[in-house]
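Fold and contact review
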Amino acid sequence: MEPGGELMSLFYILIFPGFAFLVAFGLFADFFDRKLVARLQNRQGPPWYQPLADMIKLLGKEDIITDHADRGIVNLVPLFGLASVAAAFLYVPLWSAEWPFAFTGDLIVILYLLTIPAFVLVLLGWYSPNPFGSLGTGRVITQLFGYEVPFALALLTPAIVAQSWQVTDLLRFQLMDTWFIAVVPVAFFVAVAALVGKLERIPFDTPHAETEIVEGPMTEYTGRKLALLKMMFQTEMVVGSALIAVIFLGGPYFPGLTTALAGTLAGPVVGFVVVLVKTLLMIFLLSLIKALFARLRIEQMVNWCLVWLTIPILLQILIILVLGAV
Amino acid sequence: MGRITFPIGPQHPALKEPESFKITAEGERVVDADVRLGYNHRSIEAACQHRNYVRGQYLCERICGICSHIHCNTFARAVEELLDLEVPMRAKYIRTIVAELERIHSHLLWLGVAGHEVGFDTLFMYVWRDREIVQDLLELISGNRVNYGMATIGGAKMDLTPEIVSKCMEGCKLLLERTEYYKGVATTEGTFLKRVEGVGMLSQQQARELGAVGPTSRASNVPNDIRHDFPYDAYDQIQMEFEPITSDLCDVLGRTIVRVLETEQACRICLDLLPRLPEGDIQVRARPRVPEGETLVRCEAPRGELIYYMRSNGTDKPARVKVRTPSLANWPAALAMLDGAYVADVPITIASIDPCMACTDR
């Protein structure tokens, strides 16, 4: 790697399109979501700087650690959550299939890293003396049974079609063929619904159901830890939406525009803008779902996911395999 | 599976007012529910004994913010019974109209809160936006959004001008449309139905045995409604078809439907009475010293049967005022509903009796 290479990598990882950009986009995505849900509910909604103001306020508050908690774990775990989500974002190709961090199997790595936030919540609820914490932890684990397998299978379905575990290969397939949403629409539906469960949004937000268990695993946490947790949720929404936009909605490719700008400097820039727009489209979909439905109980959620997510995605994979063999 | 005991209240996002519940759960099933009431006790009944009837009425109106008029009204009716006073018909009409508008506001408030308890915030926002229609009407009539002070001992405080009457009719017609919409939402929205169907079951026999009142009992097919069974004020002047609204679903969905249909019925009652307001005075003079006697008056508050017992001793202060609020009567039924329920259903089940902790504790 040339001398400038390491510096370039650091820039990519920490500034753009890495951590700093992800946090900034996370704050914007949170505003976008809250404003949209508010307008759908016939309200005004917060101003654009509200998520940033919330972060600053939380960082200024006292960070309380209960006696029951293990200091080391409770201090480190929220950092791990945010770090894992930020690491997952590195492997999402944002402007072209020539992505510097791509490697064979990075789709599996993304899926693995995106499961860590759930365990962050489990550990935090476990180390909370509050009964709401343990109730929330139980629900987080139970909810995992509902969405984790369908989410993984839904993202693996395009991989089976394209015969590769690398996200950039999925992008190349979409450039040459059609977008995966047209090839495996069931997988798109399952991926979106499972993402709603992963992000713990209505209708699957029972692990931190405010009217039942206050904040669930996050009840006892305040100050910097709560800020990190909120940041983790916001960035997870961005990463999940960007992942689905890239894998199912064609990523940086826009019919006509991509071939016209191929090879030029404007190509990646326009591609990047296209990915941002598609990610916001996904967040729009998530916000619409949040405004439309009530909250399901935990056993209703798991049952629904079994019937409407796990079984359809298995059928979809079966169809793909049969069609592939034929 | 380990048992966990966790508190809901006195401070909890599910409760709008403080009461203390101790829920013992095995996994997600409730095995034991205990309630401690009294966090809102303000000794209003004792305070009434040291105040004359006019100040006592003002105080009793503030037992509750949501059902303030009905307290004001029933207190006035109790004193009028003791004074053997006949209130002019126009005043009775005005009292009834304000009581029905209050019923609309209370039921819409409940529907929004119920939506919030099951995570359906969109319903909450829409219903409370439409509730502003009736709040504006009440402010137009009385000057206040709560604690209207429209009933005095001897009649009604303020008159309804023709402009106010026509605005009220417009508002009620708009509310009828909106109520149709919410009827649709309550009966067809899938995720909402999943949260309220089969939740908080209270059989008809349980409702009778535990003394449930109001929409809680009517949703278990017990057709008790004081407005229909023992009409007071202008309820016997209603010309339209007026039957107690019941449901045989016996669950939270039944209570939701009963309340939405009662809102519709209240709009129609207002539209029925408003154009037929009789001419005349709105007040008769009442003597400050009430002769010895005792009386018991009942009415149908938004939450159920409200009873006022009053004993007078010839002075201008009552010897005893006893208030039996409907929320107090519904608590045993609420605890019976929690038996074997899911933890996730506890907030909506408690909310389904429309508990008013301020009314409960006085």
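This text follows the structure it describes.
Here the structure is a predicted model, which is why all the values come from computation and not from measurement. (Residues numbered from 1 in each chain as written. Chains lettered and ligands numbered in written order. Predicted model: local features only at pLDDT ≥ 70, side-chain atom pairs only at ≥ 80, totals over all residues.)

1. Here we look at the overall build of chain A
Quick reminder of the rule: Runs of E in the DSSP output that reach at least two residues are strands. Runs of H or I that reach at least four are helices, and both are numbered from the N terminus. The quantity called the radius of gyration is restricted to C-alpha atoms. Its globule counterpart is 2.2 Å times the number of residues to the power 0.38. Exposure criterion: with C-beta atoms placed from backbone coordinates, a residue whose C-beta has 20 or more other C-beta atoms within 10 Å is buried, one with 12 or fewer is exposed, and one in between is partly exposed. Throughout, a residue-residue contact means that the two C-beta atoms, derived from backbone geometry, are no farther apart than 7 Å.
Helices and strands together make up the secondary structure of chain A, namely 14 helices and zero strands. The N-to-C order of helical and strand elements in chain A reads α-α-α-α-α-α-α-α-α-α-α-α-α-α. In terms of overall size, chain A behaves like a compact globule, its C-alpha atoms giving a radius of gyration of 20 Å where 326 residues would be expected to give roughly 20 Å. Considering only C-alpha atoms, chain A reaches an extent of 60 × 50 × 40 Å along its principal axes. Taken over 326 residues, chain A has a buried fraction of 47%. Taking all contacts inside chain A whose residues are at least 6 apart in sequence as the whole, residues at least 24 apart take part in 81%.

2. Section: helix H3 (residues 68-83) of chain B
All names here are of chain B. Going by this rule: Multiply 1.5 Å by the residue count of a helix minus one, and that product is the helix's expected span.
Between its first and last C-alpha, H3 extends 23 Å over 16 residues, near the 22 Å set by a 1.5 Å rise per residue. Counting buried residues along H3, 15 of its 16 residues qualify, which places the element largely inside the surrounding structure. At the C-terminal side of H3, Asp84 shows a positive phi close to 55°.

3. Remarks on the sheet that holds strand E7 (residues 304-312) of chain B
Residue and element names in this part refer to chain B. Stated formally: Here the rule is simple: two strands pair whenever DSSP picks up at least two bridges between them. For helices, the fitted line uses only the C-alpha atoms of the stretch in contact; every axis is such a line through C-alpha atoms, and the angle between N-to-C directions lies from 0 to 180 degrees.
Within the open sheet, the three strands sit side by side as E6-E7-E8. Their pairing is antiparallel. Bordering the open sheet on either side are strand E6 (293-301) and strand E8 (318-324), each of which pairs with just one other strand. Here the strands of the sheet are splayed against their neighbours by 15° on average, with no regard to which way each runs. Bridge count for E6 against E7 is nine bridges, and the pairing is antiparallel. Looking across to E7, one finds that Thr295 is bridged to Met310. Across the face of the sheet, H3 comes into contact with E6 and E7 while running at roughly 150° to E6.

4. Quick notes on the environment of A:Asn130
Residue and element names in this part refer to chain A. Residue position: Asn130 is located in the loop between helix H5 (106-126) and helix H6 (131-162). On the basis of neighbour counts, which here come to 19 C-beta atoms within 10 Å, the residue Asn130 falls in the partly exposed class. As for Asn130 and Glu220, which are separated by 90 residues in sequence, their C-alpha atoms are 7.1 Å apart. If sequence neighbours within four positions are ignored, Asn130 has contacts with Thr219 and Glu220.

5. Describing the sheet that holds strand E2 (residues 20-26) of chain B
All names here are of chain B. Strand order across the open sheet formed by three strands is E1-E2-E3, with antiparallel pairing between neighbours. If you trace the sheet from one side to the other, it starts and ends with strand E1 (3-8) and strand E3 (29-36), each paired once. On average, adjacent strands in this sheet sit at an angle of 20° to one another, irrespective of strand direction. Relative to E3, E2 is paired through seven bridges, and the arrangement is antiparallel. Bridge pairing in E3 places Ile23 opposite Ala33.

6. A word on the interface of chain A and chain B
Heads up, the condition is: Amino acids outside the nonpolar list (Ala, Val, Leu, Ile, Met, Phe, Trp, Tyr, Cys, Pro) and the charged list (Asp, Glu, Lys, Arg) are all regarded as polar, and Gly is one of them.
The partner chain B presents 23 residues to the 25 residues of chain A that form the contact. Breaking the side of chain A that touches chain B down by element, the ones donating at least two residues are H6, helix H10 (210-213) and helix H14 (298-325) of chain A. Class assignment for the residues of the side of chain A that touches chain B results in 13 nonpolar, six polar and six charged.

7. Focus: the pairing of E8(B)
All names here are of chain B. Pairing between E7 and E8: six bridges, direction antiparallel. The residue of E8 that forms the bridge with Tyr309 is Lys322. With antiparallel pairing between neighbouring strands as the criterion, E7 and E8 make up a hairpin whose turn holds five residues, including Gly314 at a positive phi of roughly 90°.

8. What about the nonpolar core?
Looking at soluble globular proteins, one finds that nonpolar side chains tend to be buried together. Put simply, the rule reads: Nonpolar cores are built from buried Ala, Val, Leu, Ile, Met, Phe, Trp, Tyr and Cys residues. These are joined into a set through C-beta atoms within 7 Å.
Grouped together as the largest cluster of nonpolar side chains are 202 residues, with contacts concentrated most on A:Ala191 and B:Val79. Looking at this core element by element, the count peaks at 17 residues for helix H11 (residues 223-248) of chain A. The residues touching B:Val79, leaving out its near neighbours within four places in the chain, are B:Tyr53, B:Ile153, B:Val290 and B:Met310.

9. Observations concerning unusual backbone geometry
In this structure, A:Pro203 follows A:Ile202 across a cis peptide bond, with omega equal to 5°. Residue position: A:Pro203 is located in the loop between helix H9 (185-198) and H10. If you check the backbone angles, B:Asp84 has positive phi at about 55° while not being a glycine. Following the sequence through the fold, B:Asp84 ends up in the loop between H3 and helix H4 (89-117). Judged by local crowding, B:Asp84 falls into the exposed class, with 9 C-beta atoms found within 10 Å. The backbone phi angle of B:Asp354 is positive, close to 55°, even though this residue is not glycine. Checked against the element boundaries, B:Asp354 lands in the loop between helix H13 (346-352) and helix H14 (357-361).

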